[in-house]
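Below, each chain spelled out in residue letters.
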Amino acid sequence: MIVALNNKCNLKKDEYLEYINQLDSISSSSQLIICPTFLNVGMKEVHNVKLGAQNVSAKEQGAHTGEVSSDQLKSYGVQYTIVGHSERRESQKETNAEVHEKLVRLFEQDITPILCIGESLEERQANQVEKVLEEELTTAIEGLTEEQKERLIIAYEPIWAIGTGVIPTNEEIRDVFLFIKKYLPTSKILYGGSANDENIDTLKEIKEIDGYLLGGLSLKIEKLKVFLSKCE
Ligand code: PGA
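Quantities reported herein were computed from a predicted structural model and do not represent experimental measurements.

Help me understand the overall build of the protein, please; the structure alone is not making it clear to me.
From N to C terminus, the protein includes ten helices and eight strands. Relative to the 2.2 N^0.38 estimate, which gives 17 Å for 232 residues, the radius of gyration of the protein is 17 Å and therefore close to what a compact globule would have. Its C-alpha atoms give the protein principal-axis dimensions of roughly 45 × 45 × 30 Å. Within the protein, buried positions represent 49% of all 232 residues. Here the analysis covers contacts within the protein between residues at least 6 apart in sequence; of these, 68% occur between residues at least 24 apart. Carbon and sulfur atoms provide 46% of the accessible area of the protein, an area that totals close to 11300 Å².

Put into structure tokens, the structure is as follows:
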């Protein structure tokens, strides 16, 4: 399993140092990827945990105040980067076209993107799940090589499940995963949205799931340990 830890905008410097020391003590057969806030990227290496970031600039290095470019991430040892998280699509008005540019920038630096896609509750209720996911996917992957598509990791994160404690049924998740596989048959697909140490018992029945993108749980080390032990 791939388990990506999305710290979001949490953990001050000292808190992060303590956090990664605790993370260091976890032994798991899953591939852990830590995605801290930019300031904490490269702070300290964690044994057996790959380094990720939560975002990247769609532009190359240059006069772009406040941006972080893919070659800068690379120089800090970043191997994975979350792209198109719904929180950014919503609050930063990130478009599918920008998401595509970000994927291109990451592949230029040999960094593996974790592309987030997912529908809102209104879209699900209006039976528009496939339409939304198709738009997000096709624009993002347009022009990528077969090799890049294979390497790309998808995180299916229904917006209504993020941070709410509510998750889709196994059937709903499986339907979406099979839909994604029509476009990307060999990509790894993660589930994200309120995955925790309790609902993992149900989620792990879905054999199509290659891993998880964890937000809230990434900050709760003891519960994360339980989650990881149940993943095995
Ligand atoms: P959550 O967040 O696990 O807290 O729901 C997941 C995410 O937003 O990546």
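Sorry, what's going on with the pairing of strand β6 (residues 153-156) here?
The side chains of a regular strand alternate between the sheet's two faces. Residue alternation in β6 divides its side chains into two sets, Ile153 and Ala155 and Ile154 and Tyr156, and both sets are buried. After leaving β6, the chain enters helix α8 (residues 170-183) and then returns to the sheet as strand β7 (residues 188-192), a path that is right-handed.

Even after reading the chapter, I still don't get the state of the cysteines, so can you show me in this structure?
A disulfide bridge is the covalent bond that connects two cysteines by way of their sulfur atoms. Counted under the stated rule, the structure contains zero disulfides. Not engaged in a disulfide, the cysteine cysteine 35 finds its nearest cysteine sulfur in cysteine 116; these two sulfurs lie 9.2 Å apart. Overall, cysteine 35 belongs to the buried group, its relative accessible area being 0%.

Help me understand the site of the ligand, please; the structure alone is not making it clear to me.
Neighbouring residues of the ligand: 13 residues in total, closest Lys8, His85, Glu157, Gly163 and Ser194. Asparagine 6 is positioned with one of its side-chain polar atoms (N or O) 3.4 Å from an oxygen atom of the ligand. At 2.7 Å, a side-chain N or O of glutamate 157 approaches an oxygen atom of the ligand. Look at the ligand: alone it shows 280 Å² of surface, and the protein chains cover 94% of it.

In this structure, what is going on with the nonpolar core? I would like to understand it.
Within soluble globular proteins, side chains that are nonpolar generally end up buried alongside one another. With 56 residues, the main nonpolar core has Leu23, Tyr191, Tyr212 and Phe227 as its most contacted residues. Look past the residues within four positions of tyrosine 212 in its chain and what remains in contact with it is Met1, Ile2, Val3, Ala4, Leu190, Tyr191, Ala195, Ile200, Leu203, Lys204, Phe227 and Cys231. Counting twelve residues, the second-largest nonpolar core is a separate cluster that includes Cys35, Ile82, Cys116 and Leu190.

Can you help me understand the environment of isoleucine 180 in this one?
Structurally, isoleucine 180 can be placed in helix α8. Measuring from C-alpha to C-alpha, the distance between isoleucine 180 and isoleucine 154 comes to 8.6 Å, with 26 residues separating the pair along the chain. For isoleucine 180, the contacting residues outside a window of four places in its chain are Ile117, Leu137, Ile154, Tyr156 and Ile189.

Please explain the side chain of serine 218 as it appears in this structure.
On the secondary structure map, serine 218 appears in the loop between β8 (211-214) and α10 (221-231). A polar contact is formed between the side chain of serine 218 and the backbone oxygen of asparagine 6, at a distance of 3.4 Å. Here asparagine 7 takes part through its side chain, which lies 3.2 Å from a polar atom of the side chain of serine 218.

Basis of the calculations
Residues numbered from 1 in each chain as written. Predicted model: local features only at pLDDT ≥ 70, side-chain atom pairs only at ≥ 80, totals over all residues. Heavy atoms only, no water. Helix = DSSP H or I, 4+ residues; strand = E, 2+ residues; numbered from the N terminus. Rg over C-alpha atoms; globule rule 2.2 N^0.38 Å. Buried < 20%, exposed > 50% of the residue type's maximum accessible area, 1.4 Å probe, protein only. Contact = heavy atoms within 4.5 Å. Areas by Shrake-Rupley, 256 points an atom, 1.4 Å probe, with all protein chains shown as cover. Right-handed = clockwise from strand over helix to strand, strands pointing away. Disulfide = S-S within 2.5 Å. Near = heavy atom within 4 Å. Polar contact = N/O pair within 3.5 Å; in protein donor to acceptor, adjacent residues only side chain to side chain. Core = buried A, V, L, I, M, F, W, Y, C linked by side-chain atoms within 4.5 Å.

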